[in-house]
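An overview of the molecular structure
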Amino acid sequence: MMTLSSTRSAVRAGALTAALAAFLCTTATAVSVASAESPSARPAAVQADVPAGVTAGVAVFDRQTGTFTEQLNTAAQFRSASVVKLLIALDVLWNRSPDALPAADRGRIDTMLRGSDDTAASTFWSNNGSGAIVDRMVTRLGLTDTARPPSTHPGYWGYTALSARDTVKIYRHLLDSAPAATRDYLLGDLRQSTRCATDGYDQHFGIAGSFNRPWAVKQGWSGFSSGGCTAPTATAAKAAGAAESAGEPAGTDARTPAGADAVDLSRPALHTTGVVGAGDRSIVAVFTLHPGGTPYGKAYTDIGRLTRSLDVPGASRPAGTWVGTWGSGVRVRTQATTASGAITTLPAGVEVLVGCQKRGQQVSQPPYVNDWWAQLPQYGGYMTNIYLSVPENQVPGVPVC
């Protein structure tokens with residue numbers, strides 16, 4: 001069992017302060033989140049808390065009362081990134097039963113919605129008319145802010161324009177108007193969203209990180225260089241080859257030409273959309289743009305904080321303490337030891353929910369040494385406390401496992 005010596009305390013106090021001062025000045029103190037918070041216990045009007053530097057469009061619709069509980073820039077157009085895959089899937093199934101689809105198409109829809117697979121989306125996009133898919137769905141669903149990609153990027157389905165309020169309309173159609181077989185099939189896929197997308201991005205941010213199940217999500221991301229997630233089937237070659245087909249090439253500064261829809265194609269985009277609560281009570285759509293060069297972990301954290309600030313009727317919130325992390329390639333393991341299997345890696349600098357902590361294998365990352373490990377309930381594993389952005393070996397206020 002390790003004891004924190006006076007010498008180590010001095011090193012920790014000095015070195016940690018210098019190394020993490022810039023990070024901590026912009027990172028809120030770890031916030032405890034009550035379990036299963038009742039909507040009635042929250043203020044009647046909750047203002048969406050948009051982090052500094054973030055541009056957001058937000059809509060939360062309560063299906064039980066038929067009213068919006070949150071509306072912020074609901075008509076603002078964002079490039080959809082992978083959220084457009086909802087329209088692509090609905091178009092494939094328009095006037096068709098899922099059972100009537102060829103096995104290959106069912107497989108593509110499954111991987112496109114669960115793992116946000118870009119190759120599957122590109123196949124449907126190419127085979128079914130490209131931008132005409134968007135045009136058809138605009139007419140069918142009465143969408144007002146949705147538009148096909150600009151003429152300069154016709155193959156880039158991720159550049160489809162979409163708003164928060166139109167996204168609510170899409171989910172309302174799926175829940176209330178689509179044939180039961182279509183509804184159950186597509187929502188079934190969205191409920192099985194995998195943590196690691198097929199391109200190696202951790203896609204359980206926003207709704208998936210802010211609320212307990214039941215939820216069903218379709219996420220979107222664009223303009224980041226790395227998602228920091230260990231995907232079971234993704235390969236570097238596949239991730240690199242998917243950029244053009246996805247319409248989300250990394251490292252570019254593409255913008256729509258003068259006179260075209262004023263949709264920003266440059267700043268990193270991160271979106272979380274879906275349904276939350278028993279009976280799919282609430283529909284949530286959060287679209288965000290971040291300053292150029294924002295790391296994925298920072299954007300992941302910011303959209304998480306924004307989503308947690310929202311009034312979402314029927315939502316159950318996970319118990320635990322949100323804590324920032326530092327370092328890259330930090331692994332989540334099955335047990336509190338580096339010899340145990342790695343479940344995944346964390347996006348660099350991401351905020352994590354800590355349920356409890358316990359002593360395990362001592363880990364050294366000079367000048368730090370720590371034998372405490374944090375249990376991460378949303379990952380089903382442990383990470384060493386050495387990479388948590390707190391000044392001591394233990395996280396204050398977090399119980400021992």
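The notes below deal with the structure included here. (Residues numbered from 1 in each chain as written. Predicted model: local features only at pLDDT ≥ 70, side-chain atom pairs only at ≥ 80, totals over all residues. Heavy atoms only, no water.)

Description of the overall build of the protein
Formally: Here a helix means four or more residues in a row that DSSP labels H or I, a strand means two or more in a row labelled E, and each is numbered from the N terminus. Burial classification: accessible surface area is computed with a 1.4 Å probe over protein chains only, and a residue below 20% of its type maximum counts as buried, one above 50% as exposed, and the rest as partly exposed. It only takes one pair of heavy atoms within 4.5 Å for two residues to be counted as in contact.
Along the protein, the regular secondary structure elements total 10 helices and 15 strands. Considering the protein as a whole, with its 401 residues, one finds that 55% of them fall into the buried category. A separation of at least 24 residues holds for 70% of the contacts in the protein among residues at least 6 apart in sequence.

Re the environment of Ala319
Take Ala319: it is sitting in the loop between α10 (296-308) and β9 (320-323). Considering only alpha carbons, one finds Ala319 and Asn212, 107 residues apart in sequence, at a separation of 9.3 Å.

Overview of the side chain of Asp91
With respect to the helices and strands, Asp91 occurs in helix α2 (residues 85-92). Using a relative accessible area of 9% as the deciding quantity, one classes Asp91 as buried. Asp91 has contacts with Asn128, Ile133, Arg136, Met137 and Arg140, leaving out every residue within four places of it along the chain.

Remarks on the sheet that holds strand β2 (residues 55-62)
In plain terms, the rule: We treat two strands as partners when DSSP finds at least two bridges between them. Orientation is described by lines fitted to C-alpha atoms, with helices fitted over the stretch in contact, and by angles between N-to-C directions that extend from 0 to 180 degrees.
Judged by pairing direction, the sheet is antiparallel, and its five strands sit side by side in the order β3-β2-β8-β7-β6 without closing on themselves. Two strands in the sheet have a free side with no partner beyond their single neighbour: β3 (67-72) and β6 (215-222). When the angles between neighbouring strand axes are averaged without regard to direction, this sheet yields 5°. The pairing of strand β7 (residues 269-276) with strand β8 (residues 282-289) spans eight bridges and is classified as antiparallel. Across the sheet, residue Gly274 finds its bridge partner in β8, namely Val284. In the packing of helix α6 (residues 164-176) onto the sheet, the strands contacted are β2, β3, β6, β7 and β8, and the crossing angle to β8 comes to about 150°. Running over the sheet, α10 touches β2, β6, β7 and β8 and is turned about 40° from β7.

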